[in-house]
Amino acid sequence: MDIHEYQAKELLTKFGVPIPRGGLAYSPEQATYRASELGGPVVVKAQIHSGARGKAGGVKLCRNEREIEEAAESMLGRKLVTHQTGPAGKLVSRLYIEEATNIDREIYLGFVMDRASERIVVVASAAGGMDIEEISATQPDTIIRVTVDPAVGMQQFQARELAFGLGVDPDIVNKLVPAIMGCYRAFRDLDAMMVEINPLVITKEKQVLALDAKMSFDENALFRRPHIAELRDKSQEDPRETYASDRGLSYVGLDGDIGCIVNGAGLAMATLDMIKLAGGEPANFLDIGGGASPERVTKSFKAVLRDKNVRAILVNVFAGINRCDWVAKGVVDAVKELDIKMPIVVRLAGTNVEEGRKIIDNSGLTVISAETLADAAKKAVEAAKKAA
Ligand code: GDP
Ligand code: MN
């Protein structure tokens, strides 16, 4: 789960990470009021779940009331399209008004879960301000990495190593180390998956400040972090994914027209591959879980059908603990209950597969039975092409 920049800053400041003074605004009038509280020039920043706002006109330095009003008018209520949001963009309904900073140096600082080493890895670069992808492509040797040993946590000396590696003055090192340690503690204590400060700046006045902040959290840990869970902003999410996750389904929206209902994440991935191989495009990843109870099958159909691009549905279930006849009954009931007219291809394998196929074939519905996964993918692609 992602959160907004202002929310991340609010969390990080509690861990001793220095941030500029700022306040939230929902209207141009509030924006000028916030600026008057801060005094002096301000930066008006669109709050959306995306980086690269600066290049897209979502970060503006303003010197007077007129400029603040203009910036606020140009952002609020509009969709901001950055190279991270996709062409649809994301709606700006909040602005963060922050006191302007005299930037001397911009540093990149990121904390991520490294799946290969199963550890938190801290990444820093003296070439801050740009995307990390851009830094690693153009200036790979500026990137410094430190791996945290989970048995002892991040150590002061590791933060100092990063600071010296960035080539900052010794008096700045003493300010940088608590900022780095603060981000680490926030990451660990709040069950974050990612903390990114880009840029972390050194000001002309020799202060260290987190000028931007991005955090995302482990959804599986939200149950024990209610104060993080309540920071969720559904308006920034793919509505298809919000609908599915609110109903306990593991769903990822894609751009194609073949809806997928599969039990097991690995099988779901294989199903997407097979659809592609057969020349089609999947509309989603959906793992209904091992149980595949009739209730979950119905919920899954509802979630898949909310995507208006879907022209055919492929149900692929391997019944190990489960039974194919039970799943088949769930599919037939769901299709009847939801009155689905769209072509549905069902491939069942495993326990009681013969009984399951019989239920599908004798249901009186126009459900297309498939023997193998390759066969199912081919039939689903054909059905979607015919419907288009
Ligand atoms: P992003 O584009 O979404 O990553 O938004 P950022 O918050 O990182 O802002 C983009 C860029 O705007 C930063 O890299 C800075 O160069 C610049 N910027 C942001 N705040 C200030 C500020 O207070 N003063 C100045 N001079 N530049 C700023
Ligand atoms: Mn940034």
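See the structure above.
These numbers come from a predicted model, not from an experiment. Throughout this description, residue numbers start from 1 for each chain and increase along the sequence as written. Whichever chain is written first becomes A and whichever ligand is written first becomes 1, with later ones labelled in order. In view of the model being predicted, local features appear only for residues whose pLDDT reaches at least 70, and side-chain atom pairs are presented and counted only at 80 or more, with totals across whole chains, interfaces and linings using the full set of residues. Values shown for side chains rest on all heavy atoms present in the structure; no hydrogens or waters enter the calculation.

1. Side note on the sheet that holds strand β1 (residues 22–25)
Next, step 1: Following DSSP output, two strands are said to pair if at least two bridges run between them. Each helix is a run of H or I in the DSSP string that is no shorter than four residues. Each strand is a run of E no shorter than two, and both are numbered from the N terminus. With respect to topology, four strands assemble into an open sheet ordered β1-β6-β2-β3, the strand pairing being antiparallel. The open sheet is flanked by β1 and β3 (59–62), the only strands paired with a single partner. Across this sheet, the average inter-strand angle for adjacent strands is 25°, counted without regard to direction.
Next, step 2: Two elements, β1 and strand β6 (residues 95–99), share four bridges in a ladder whose sense is antiparallel. Residue pairing across strands places glycine 22 opposite glutamate 98, the latter belonging to β6. Lines are fitted to the C-alpha atoms to define the axes, a helix being fitted only along its stretch in contact, and any angle between axes, read from their N-to-C directions, falls within 0 to 180 degrees.

2. Notes on a negative patch on the surface
Next, step 1: Surface patches are drawn from residues lacking salt bridges whose relative accessible area is over 30%; two like charges belong together within 9 Å, two nonpolar side chains (Val, Leu, Ile, Met, Phe, Trp, Tyr) within 5 Å. Residue-level accessible areas treat just the shown protein chains as cover; the underlying method is Shrake-Rupley with a 1.4 Å probe. For this document, the term salt bridge refers to a Lys or Arg side-chain nitrogen within 4 Å of an Asp or Glu carboxyl oxygen. His is not counted, nor are the chain ends, whereas Lys and Arg count as positive and Asp and Glu as negative. Think of each charge as sitting on NZ of Lys, CZ of Arg, CG of Asp or CD of Glu. A grouping of Glu29, Glu65, Glu69 and Glu73 is seen on the molecular surface, where their side chains present a negatively charged patch.
Next, step 2: Residue placement: glutamate 69 occurs in helix α3 (residues 65–75).

3. Considering the site of ligand 1
Next, step 1: Close to ligand 1 lie 15 residues; Lys45, Arg53, Gly54, Thr101 and Glu106 are nearest.
Next, step 2: Here an oxygen atom of ligand 1 sits 2.5 Å away from a polar atom, N or O, in the side chain of lysine 45.
Next, step 3: Sorting the residues of the shell around ligand 1 by element identifies β2 (42–46), β7 (103–114) and β10 (192–203) as the ones contributing at least two each.
Next, step 4: In this classification, Asp, Glu, Lys and Arg are treated as charged, Ala, Val, Leu, Ile, Met, Phe, Trp, Tyr, Cys and Pro as nonpolar, and every other residue, Gly included, as polar. Considered class by class, the residues forming the shell around ligand 1 number seven nonpolar, four polar and four charged.
Next, step 5: Throughout, the edges of the domains are those of an automatic or database domain assignment. Each of domain 1 (21–99) and domain 2 (103–229) accounts for three or more of the residues forming the shell around ligand 1. Any residue with a heavy atom positioned within 4 Å of a molecule or strand is treated as near that molecule or strand. Polar contacts, as used here, are pairs of N or O atoms within 3.5 Å; protein pairs need one atom able to donate a hydrogen and one able to accept it. Residues neighboring in sequence count only if both atoms are side-chain atoms.

4. A word on the packing of aromatic side chains
Here a ring pair, both rings aromatic, is described through the centre-centre distance and the interplanar angle of the planes.
Next, step 1: Geometry of aromatic contacts follows a simple scheme: Phe, Tyr and Trp rings, the Trp one being its six-membered ring, pair when their centres are within 6.5 Å, and the pair is stacked under 30 degrees between planes, edge-to-face over 60, tilted otherwise. Under the counting rule described, the total for this entry stands at two aromatic pairs.
Next, step 2: Ring geometry for phenylalanine 111 versus phenylalanine 187: centroids 6.5 Å apart, planes at 40°, classification tilted. Note that phenylalanine 111 is positioned in strand β7 and phenylalanine 187 in helix α6 (residues 170–189), a separation of 76 residues in sequence. Exposure class is identical for phenylalanine 111 and phenylalanine 187. Each is buried.
Next, step 3: In this structure, arginine 247 is placed above the aromatic ring of tyrosine 243, and the distance from its NZ or CZ to the ring centre is 3.7 Å. The cut-offs for exposure are 20% and 50% of the maximum accessible area for each residue type, with area from a 1.4 Å probe on protein chains only; residues under the lower value are buried, those over the upper are exposed, and the others partly exposed. When the NZ atom of lysine or the CZ atom of arginine is within 6 Å of a ring's centre and also within 35 degrees of its normal, the charge is said to sit over that ring.

These figures capture arrangement, not role.
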